[in-house]
Amino acid sequence: MNSTYQVIEILATQALSYQSEEGFMPAGHNGPYLDPETPVRNTSHWAITFLKAWEITGKEKFKTAAVKCLDYLLAGPHRTLYTFKHRNRDKPGNDECNGLIGPAWNMEALLEGYQKLDDVRYLDLALELFLVHPFSSQKKAWHRVEPTGEVLSVDITFNHQFWFFATATPLLKATGNTRVRQRLKRFADAIDQHLRLYRSDRIVHAMNYQSRHLKELVKNKVKHGYYAKKKLKEIGYHAFNTYAFALAYKEMPNLPFFTSKKFKRTLRYLNSAEYIDNIADSIHGFPYNPPGFEVAFTGLTFEQHFEKKIDTAEWISKQLAAGWDEEAKSLNRNTKDPITATARVYELARLPDVKLAGFTP
């Protein structure tokens, strides 16, 4: 039987051959953004995949690889007293922390490691990483923090803010920390305010701030093709957002946001003609974000909210077929960043063992 668990084992087995002695995994360049990255992002992703491969096979080699990844995060050269260095400031507007999404990916792996390995060191670092990011009372969102400790402006990208929130939610149950509780609650209370949708139900990439609206209006008018390019980008990121919604739901199913009209509209969009007809044309879709895994996970988590059921096997198979390289046993095809695209198989690790439709690894 060709199934998701088989794919995870195949990819994890291949990945063992390119893990360094120090524990880190190869670095990519942030997909279509072409920002050369340090290894901490993909090492975080692979830690989760190795843990899943260990869980489904019982093979100690995968556990060993996961521990090496996580221990690299604890003490590797890109870890500072504050955050992690994810990239260089070699482009205008770039930070080294990769906004909030960089530390979100690190917390995600550290907390998965704590839950699966019961190693409190990973929990402690995740807690430190969360608390070092100041929360703005005015904007009801988190600031970015550089590896030097320099506090930057609030991250204005909605998916960055929500992923930071979602990956931190396990901290509440694990630590009972009062500051964690307060900050998560203050953000949760503002989610509906932060989230902006188009009439089509597509998620607007930027946070719902008036100053940002004005900038977007100007760009739409003066930059030829700006709106069309932005639309395809937002289509490519839509399921990345809803995947994070599903992560948060696993920990906090009673959040008022999950009964809101806006939330239900974001799910409805995944079955819309605009999404279905355009997702394959987005460079931020199958070649970078894995919408096949993300739509599948969203569909299973929120199954009761879909009038038209998401076909889990079909979406997973679409993602794998788009990038699978049989010779290399990786997701190398049709992407500007095959290293990162393959590492993002970790998003598949949260799905059950699904028999694949029309795809044979």
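Before reading on, note that the structure itself is shown above.
A few points on the structure. Starting afresh in each chain, residues are numbered from 1 along the sequence in its written order. In view of the model being predicted, local features appear only for residues whose pLDDT reaches at least 70, and side-chain atom pairs are presented and counted only at 80 or more, with totals across whole chains, interfaces and linings using the full set of residues. Neither water nor hydrogens contribute to the side-chain values; these are computed over all heavy atoms in the structure.

### Thoughts on the packing of helix α6 (residues 158-168) against helix α8 (residues 178-188)
Interaxial angles span 0 to 180 degrees and are taken between N-to-C directions of axes, which are lines fitted to C-alpha atoms, for helices over the stretch in contact. Counting from the N terminus, the helices are the DSSP runs of H or I reaching at least four residues and the strands are the DSSP runs of E reaching at least two. Interaxial distance between α6 and α8 falls to 11 Å at its minimum, and their mutual angle equals 140°. By the criterion of interaxial angle, the relationship of α6 to α8 is oblique. Considering only the axes of α6 and α8, their crossing is left-handed. Residues Gln161, Phe162, Phe165 and Ala168 of α6 form the contact with α8, whose participating residues are Leu184, Phe187 and Ala188. Taken together, the residues of the contact of α6 with α8 sort by class into six nonpolar, one polar and no charged. Our angle categories are set so that under 35 degrees counts as roughly parallel, over 145 as roughly antiparallel, 65 to 115 as roughly perpendicular, and the remainder as oblique. By convention, the crossing between two helices is left-handed when the near helix turns anticlockwise from the far helix through less than a right angle, and right-handed when the turn is clockwise. Should any heavy atoms of two residues lie within 4.5 Å, those residues are considered in contact. Residue classes follow a fixed rule: Ala, Val, Leu, Ile, Met, Phe, Trp, Tyr, Cys and Pro count as nonpolar, while Asp, Glu, Lys and Arg count as charged, and any other residue, Gly among them, counts as polar.

### Considerations on the sheet that holds strand β3 (residues 151-154)
Note on pairing: two strands pair once DSSP finds at least 2 bridges between them. The three strands lie next to each other as β1-β2-β3, forming an open sheet whose pairing is antiparallel. What marks the edges here is a single partner per strand, and that holds for β1 (135-136) and β3. As paired elements, strand β2 (residues 141-145) and β3 share two bridges and run antiparallel to each other. Looking at the pairing, His143 lines up with Val154 of β3. The sheet contacts of α8 involve β1 and β2, and relative to β2 the element is tilted by about 120°.

### Some details on the nonpolar core
Counting 104 residues, the largest nonpolar core has Phe50, Phe130, Phe162, Trp163, Phe165 and Leu171 as its most contacted members. By residue number, the principal contributor to this core is helix α11 (residues 226-251), which donates 10 residues. We call a set of buried residues a nonpolar core when its members are Ala, Val, Leu, Ile, Met, Phe, Trp, Tyr or Cys and they connect through side-chain atoms within 4.5 Å of each other. Relative accessibility thresholds used throughout: buried, under 20% of the residue-type maximum; exposed, over 50%; partly exposed, between the two (1.4 Å probe, protein chains only).

### Brief notes about the layout of surface pockets
Take a probe with the size of a water molecule and roll it over the atoms, and the empty space left behind shows itself. The distinction between a cavity and a pocket rests on a 1 Å grid over the protein atoms alone: a 1.4 Å probe fits inside a cavity but cannot get out, while a pocket stays open yet meets protein on both sides within 12 Å along at least five of seven lines, and a residue with an atom within 4 Å of a point counts as lining. Grid points are joined across faces, edges and corners, and a volume is the space filled by probe spheres set on the points. There is about 370 Å³ of room inside the second largest pocket. If you trace the second largest pocket, you find 18 residues lining it, with Glu112, Gln115, Leu247, Glu251 and Arg350 closest to the centre. When residues of the lining of the second largest pocket are traced back to their parent elements, those giving at least two are α2 (40-57), α4 (101-117), α6 and α11. Per element, the largest residue contribution to the lining of the second largest pocket is five residues, and it comes from α4. Within the lining of the second largest pocket, the residues separate by chemical class into seven nonpolar, three polar and eight charged.

### Here we look at helix α1 (residues 4-16)
The length a helix should cover is 1.5 Å for every residue beyond the first. Counted at 1.5 Å a residue, the expected span for α1 with its 13 residues is 18 Å, and the 19 Å between its end C-alpha atoms agrees. Every buried residue of α1 is accounted for by Thr4, Val7, Ile8, Leu11, Ala12 and Ala15. Projection of α1 onto a plane perpendicular to its axis shows the buried side chains occupying an angular sector of 125°, all on one side. As for α1, its buried residues are in contact with α2, α3 (60-75), α15 (312-323) and α16 (338-343). In this description, one arc is meant: the one made by directions from the helix axis to the C-beta atoms.

Nothing here speaks to function; it is all geometry.
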